[in-house]
Amino acid sequence: MRQPEELEPVAGGWNTWRQYPSLQQPHYPDEHALRAVTAELRSRPPLVFAGEVDDLRDELAAAGRGEAFVLTGGDCAETFAESTADHLRLKIQTILQMAVVLTYGASLPVIKIGRIAGQYAKPRSSDIEKRGDVTLPSYRGDAVNSFEFTEEARTPDPGRLLGTYQHAAATFNLIRAFTKGGYADLRLVHHWNRGFTSNPAYARYESLASEIHRAVKFMEAAGADFESLRQVDLFSSHEALLLEYEAAMTRVDSRTGDLYDTSGHFLWVGERTRDPQGAHVELLSHVRNPLGVKLGPTTTPEEAIALIDRLNPDGEPGRLTFIARMGSKHIRDALPPLVEAVKADGRPVIWTTDPMHGNTITSSTGLKTRQFETIMDEVRGFFEVHDAAGTVPGGIHVELTGDDVTEIIGGSEHLDEQSLKDRYETLVDPRLNHQQSLEMAFQVAELLR
Ligand code: TRP
Ligand code: MN
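Residues numbered from 1 in each chain as written. Chains lettered and ligands numbered in written order. Predicted model: local features only at pLDDT ≥ 70, side-chain atom pairs only at ≥ 80, totals over all residues. Heavy atoms only, no water.

- Looking at an unreviewed UniProt entry, the chain carries the name Phospho-2-dehydro-3-deoxyheptonate aldolase, with the source organism given as Schaalia radingae.
- Heading Sequence similarities (unreviewed entry) of the UniProt record for the chain holds this comment: "Belongs to the class-II DAHP synthase family."
- Quoted verbatim from the Catalytic activity (unreviewed entry) heading of the UniProt record, the comment on the chain is "D-erythrose 4-phosphate + phosphoenolpyruvate + H2O = 7-phospho-2-dehydro-3-deoxy-D-arabino-heptonate + phosphate". (UniProt positions renumbered as here; feature names shortened; annotations may be inferred.)

**Some thoughts on the overall build of the chain**
- On a plain count of helices and strands, the chain comes out with 14 helices and 14 strands.
- Here the chain has a C-alpha radius of gyration of 21 Å; the compact-globule value for 449 residues is 22 Å, and the two agree.
- Over its C-alpha atoms, taken along the principal directions, the chain stretches across nearly 60 × 55 × 45 Å.
- A buried classification covers 58% of the 449 residues belonging to the chain.
- When contacts within the chain are restricted to residue pairs at least 6 apart in sequence, those whose partners lie at least 24 apart make up 76%.
- As displayed, the chain has an accessible area near 17,600 Å², and 52% of this comes from carbon and sulfur atoms. (Helix = DSSP H or I, 4+ residues; strand = E, 2+ residues; numbered from the N terminus. Rg over C-alpha atoms; globule rule 2.2 N^0.38 Å. Buried < 20%, exposed > 50% of the residue type's maximum accessible area, 1.4 Å probe, protein only. Contact = heavy atoms within 4.5 Å. Areas by Shrake-Rupley, 256 points an atom, 1.4 Å probe, with all protein chains shown as cover.)

**Observations regarding the pairing of strand β3 (residues 128-131)**
- In this sheet, strand β4 (residues 134-137) lies alongside β3 in antiparallel orientation, the contact comprising 4 bridges. Each bridged residue has a counterpart across the sheet, and for R131 the counterpart in β4 is V134. (Pairing = 2+ DSSP bridges.)

**What to know about the environment of W17**
- Mapped onto the secondary structure, W17 falls in the segment before α1 (31-43).
- Setting aside residues no more than four positions away along its own chain, W17 makes contact with L243, E244, A247, A279, E282 and L283.
- A polar contact of 2.7 Å, which involves the side chain of W17, links it to the side chain of N15. (Polar contact = N/O pair within 3.5 Å; in protein donor to acceptor, adjacent residues only side chain to side chain.)

**So, the coordination of the manganese ion (ligand 2)**
- Within the first shell, the manganese ion (ligand 2) binds the protein through C76 (SG), H357 (NE2), E399 (OE) and D429 (OD), at distances of 2.1 to 2.4 Å.
- Donor residues for the manganese ion (ligand 2) sit on one chain with the sequence pattern C-x280-H-x41-E-x29-D. Separated by 72 residues along the polypeptide, H357 in the loop between β11 (350-353) and β12 (361-362) and D429 in the loop between β14 (393-399) and α14 (434-448) bring together distant segments of the chain.
- Owing to a relative accessible area of 18%, H357 belongs among the buried residues under this scheme.
- On the accessibility criterion, D429 (8% relative accessible area) is buried. (Donors = N, O, S within 2.8 Å, 3.2 Å for Na, K, Ca; no water.)

**Overview of the pattern of salt bridges**
- Per the stated rule, a full pass over the model turns up 40 salt bridges.
- Salt-bridge contacts for E399 lead to R115; the nearest nitrogen and oxygen are separated by 3.2 Å. Taken together, the positions of E399 in strand β14 and R115 in strand β2 (residues 110-115) put the pair 284 residues apart, joining distant regions of the chain.
- For E399, a relative accessible area of 0% puts it in the buried group.
- A relative accessible area of 1% places R115 in the buried class.
- For R288, the salt bridge is made with E316, and the minimal N-O distance between the two is 2.9 Å. With R288 in the loop between α10 (279-285) and β9 (291-295) and E316 in the loop between α11 (301-311) and β10 (320-324), this pair connects stretches of sequence that are 28 residues apart.
- Its relative accessible area of 25% is what places R288 among the partly exposed residues.
- Residue E316 is classed as partly exposed on the basis of its relative accessible area of 24%.
- Here the salt bridges share partners, and the residues they tie into one network are D54, R57, D258, R288 and E316. (Salt bridge = Lys/Arg side-chain N within 4 Å of Asp/Glu carboxyl O.)

Below is the structure:
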């Protein structure tokens, strides 16, 4: 792959995003240091490859037709400190365990995508955070600054973009080893799920679990021992938030001359930065990666169509995913007009549900949390809306961790407000823990049958 010129002339070039308004960008005090970093990034090898990105686009096209189901899961924000082998292994394991259950429930291939190997930057509602009489820049994720509340830690440091690249590269290395080296064998993952369903708290999933068990036993007895049972594709995704980083990771594919953002396979634009005339949409409109856009409850049908005009004007299948994050209270009213408008437009999109971000509350003890039941209610609402419209519910997008944290209330283990403090580790949004993630997979599998 060739590197495009850093500041290519606008005419006919792709580096046009600098001419558009850009929200949520850090203010780096030292412009020279930033330029040195982006120049360095441009010289580094790509993290993902054009062929992989094209494969994912084709698979997503199938999901749009109802021939596959998308599972996206991972942290709200990855941190450098938690990019350890243990944390990553448990997260990957959780996604794979969910995928087995969903594959059985949907009787369809499940496209597995992690919020992983690049999800290190966060949009914030305020540029600043005040504690007592001290005011400092907000924490914007490890890609930008450090969580610690000191002037030095909170000042955006462009060197962290190199740290982002390094942590993402090491994470990709681990993902490729785990998913191709036997660790992701369907039979092994099934064995882990047996451990989950043998816990009395999850008795309600027993019959589905034993059906899956018989299916796996049948495959074994019949001698199905193909490579495809031993390996999986786990794709990466993150919010394409930091324009300098995403632009620096963009490369021209030497085979086709097309542009790819090689920082991850799937990139999405957040609810806060999805202005069709903004810099984020402009930058992504030039790359071939499959794209997502988060849509909140205030999205109008006109905005949804404007996003299709900007990001998928020719209606290429698999190119564009709308990730609805409406909130359980709004999903049944806010989603139908969008689904109808897109259906009438005719250009294909994949509809997925993010049942997390519209359902964040503050517990009586002051911690940011979500309720498992409310999350599941939004998922059910999402399926109901598509059922009524005759459209395809294409997948789920959730925030989870493989660890036994206590950040979300409810589930069969009945986590309550008091237990939140036991192991509350997220720096940003609350995540489903390992057990809650599997529980969600079983419930979604029931909805898919
Ligand atoms: N390769 C198949 C798939 O990805 C089967 C498979 C192997 C699988 N290991 C898995 C599925 C782990 C889910 C989880 O669907
Ligand atoms: Mn989040």
